[in-house]
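Per-entry structural report
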Amino acid sequence: MTDDLDDLPTFEAELEPAEFTSQHLRETASEVFTADINFAAVFPYDEDKDWDLDHITAPISGEGIGSVASVVSEHSTEYDFLKVRNRGRQSTKHATVQTGTQLSIDPDTCINWTSAILTKGYCSIDDIELLIALCEGNGDPGDLCINLQNILEAAGFDSLHDTFIHNTEFREAKLEVLSEDLAEAIEAALTRATQLPGTHRFTMDKSYELQLLKPLIHAKQELQLGILSSEVAINAIINAANNIRIGLRNPASVSLKTIFPLRPSHPETAEFMASVEVMNSWLTDGRIMDGKQRREALAALESLDLSLSFHKELVHILEQEPAHQKHADLFNAQILAFEDATEHLIQVHLPYVRRFAARNVEEGEDPEDIFQVAFMGLHRSIRRFNPELGNRFLVYATHWMWQAVMRWRADEGAMIRIPVHRNAKINELDRVLNRTTFCIDGPASDEKLATELGWPADEVRQFRNIPREAVYPESCDDWDALLPAPEEMNAFDRAETELIVKDILAELRGREADVIRMRFGIGYDSEMTLEEIGTIYGITRERVRQIETKGFKCLNHPGRKLRLQILLGMK
């Protein structure tokens, strides 16, 4: 460092700061600066020291001096959705996911490759793999190979799919194709730039969340008030619930709740039916649109948890009567407003869903599958969220996404599906076993586990004996030992079963019962095909199939099915 500070260069501003600001406010400026400093004037010269100076150019761009000035970042934001603000508990799990597809290839390479293929008159798998290797990007080689195969087939190259696996060649057919056209098609297939949704930065605070929820809550309230103001809509809801109760309608087409008509004591089923009774009483009392009665009707309507498809069905019912056309148009506008608010909320939270999927994917799982399942959980949470309870929507949605992922793993994670409630108990038992199995006192006993879990000892023993992984016997004899021997039905049971089936079929129409008897050989020497039955009646096989389906539909009535199960000892 120099001792004489007066020798350092000095600078004077051409304009005062205030004057410069008034002249150049909001002007955009950009330049490339390169550091070029004479260090010899500042640092003592040393021949032995190698000054490796970095003269890399640094682009700088942005707005002029002002209160709204911002700097344009040139850095990649590919994994911005994985970043969180620097506060609170942070996830330490490393997550790397593909956020899009970037593919490119040199056009001259495509032209040269195409010319060589057309000159040879055939194309092998090695040729396709060579072309894919020359393509830059992160595309899936298997998908690219299939795309190129389809292009070659369209250009006239024959391929035998049964021998394609064995590295056969694509022989050119008689179809004439220009080299330029084929090269252009291949270049288009190997040039792509796509971005997956939800890969931008996610920031959410309480004020912004309330701002997003406000139009959704307003649209939902207007939707419910619109239903209460229409007697036709209320009657349609009650009729749909009655059809669910007697088994003539699928509950999933009406409500998002899990409803079992044959199990009235089921919690969600009982809640749904109780809400229907409240709506029925409110309709009978004259549809009072104010005071306590209206609040009870709104609470019952909220408890029904009607699906959006059923809301649109109500619009269709109103449109059938000209007198209610105006109400139908208003109702339809309210549904569209609710859909728009829901769509906007989903789009804003997509980065959070993708980050949730990236952080919680397990070995062997595709992050995109977890993202799709978590997205369904987010969508379901929007329909069920009640802001009046004071919960944050993000916390509420996270629980629904966890539930969706856990149920998906329970359903798809094993070849044999385990019911969700049993799978939850198995996981709870495994967590306790991991803590207590290798304790000092030795392996944990069933009684100790039962005390810690609060379960009966028999239940602990039952869940503990369930295998966690598939067991494959070594020989065919071992497989036979696993399968129980079939029990022979005695003559009395056979006669009793035939009598029950005969009585049930007697409740059907003559032709429907006869068709089912012929199809299953009931009272006949053997089973008959649709064509054989059609020959007897002089009708087509398709008509026989329709009669058979109609008969099965009648037999599938919940009341008749329950009675049959009781008679057969299945209940």
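Scroll up a little and you will see the structure.
We now turn to the structure provided with this report.

We now examine the nonpolar core. By size, the foremost hydrophobic cluster in this structure holds 63 residues, and its most contacted members are Ile227 and Phe272. Elements represented by at least two residues in this core include exactly helix H6 (206-228), helix H7 (231-245), helix H8 (267-284), helix H9 (291-304), helix H10 (308-319), helix H11 (325-360), helix H12 (367-384) and helix H13 (393-412). Per-element tally for this core: the top contributor is H11, with 13 residues. If we skip the residues at most four places from it in the chain, Phe272 touches Ala241, Ile244, Val254, Ser255, Lys257, Ile259 and Leu304.

Attention now moves to a positive patch on the surface. There is a patch of like positive charges on the surface, built from Arg509, Arg511, Arg543 and Lys550. Mapping Arg543 onto the fold places it in helix H21 (residues 541-555).

An α-helix turns once per 3.6 residues; consequently, residues spaced three or four apart project the same way. Where helix H15 (residues 446-453) is concerned, the buried positions are Asp446, Leu449, Ala450 and Leu453. What you see down the axis of H15 is that its buried residues fit within an arc of 100 degrees, all on one side. Just downstream of H15 lies Gly454, where phi reads positive at about 75 degrees.

Evaluated as defined, the whole model comprises 7 aromatic pairs. An aromatic cluster is defined as three or more aromatic residues linked by ring pairs; in this entry it consists of Phe385, Phe393, Tyr396 and Trp400. The lysine or arginine in question, Arg263, covers the ring of Phe260, its NZ or CZ lying 4.7 Å from the ring centre.

Moving on, we get to the state of the cysteines. Enumeration according to the criterion identifies 0 disulfides in this entry. With no disulfide of its own, Cys123 has Cys145 as its nearest cysteine by sulfur position, at a separation of 9.1 Å.

For the pair helix H2 (residues 107-120) and helix H5 (residues 179-189), interaxial distance at closest approach is 9 Å and the crossing angle is 130 degrees. In terms of their interaxial angle, H2 and H5 are classed as oblique. The chirality of how H2 crosses H5 is right-handed. Contact with H2, carried on its side by Pro107, Cys110, Ile111, Trp113, Thr114, Ser115 and Leu118, involves Ser179, Leu182, Ala183, Ile186 and Glu187 of H5 and no other residues of that element. When its residues are assigned to classes, the contact of H2 with H5 shows 8 nonpolar, 3 polar and 1 charged.

Let us look at a nonpolar patch on the surface. Together, Phe520, Ile522 and Phe552 give the surface a local cluster of nonpolar side chains, amounting to about 250 Å² of exposed area. Looking at where Phe552 falls in the secondary structure, it is placed in helix H21. Taking the relative accessible area as the measure of exposure, Phe552 reaches 33% and is therefore partly exposed.

What counts and what doesn't
Residues numbered from 1 in each chain as written. Predicted model: local features only at pLDDT ≥ 70, side-chain atom pairs only at ≥ 80, totals over all residues. Heavy atoms only, no water. Core = buried A, V, L, I, M, F, W, Y, C linked by side-chain atoms within 4.5 Å. Buried < 20%, exposed > 50% of the residue type's maximum accessible area, 1.4 Å probe, protein only. Helix = DSSP H or I, 4+ residues; strand = E, 2+ residues; numbered from the N terminus. Contact = heavy atoms within 4.5 Å. Patch = residues over 30% accessible without salt bridge, like charges linked within 9 Å, V, L, I, M, F, W, Y side chains within 5 Å. Areas by Shrake-Rupley, 256 points an atom, 1.4 Å probe, with all protein chains shown as cover. Salt bridge = Lys/Arg side-chain N within 4 Å of Asp/Glu carboxyl O. Lys, Arg positive; Asp, Glu negative; His and termini not counted. Charge placed at Lys NZ, Arg CZ, Asp CG, Glu CD. Arc of directions from axis to C-beta. Phe/Tyr/Trp six-rings, centres within 6.5 Å; stacked < 30°, edge-to-face > 60°. Lys NZ or Arg CZ within 6 Å of the ring centre and 35° of its normal. Disulfide = S-S within 2.5 Å. Axes fitted to C-alpha atoms, helices over the stretch in contact; angles between N-to-C directions. Parallel < 35°, antiparallel > 145°, perpendicular 65-115°, else oblique. Left-handed = near helix turned anticlockwise from the far one by under 90°. Nonpolar A, V, L, I, M, F, W, Y, C, P; charged D, E, K, R; others polar.

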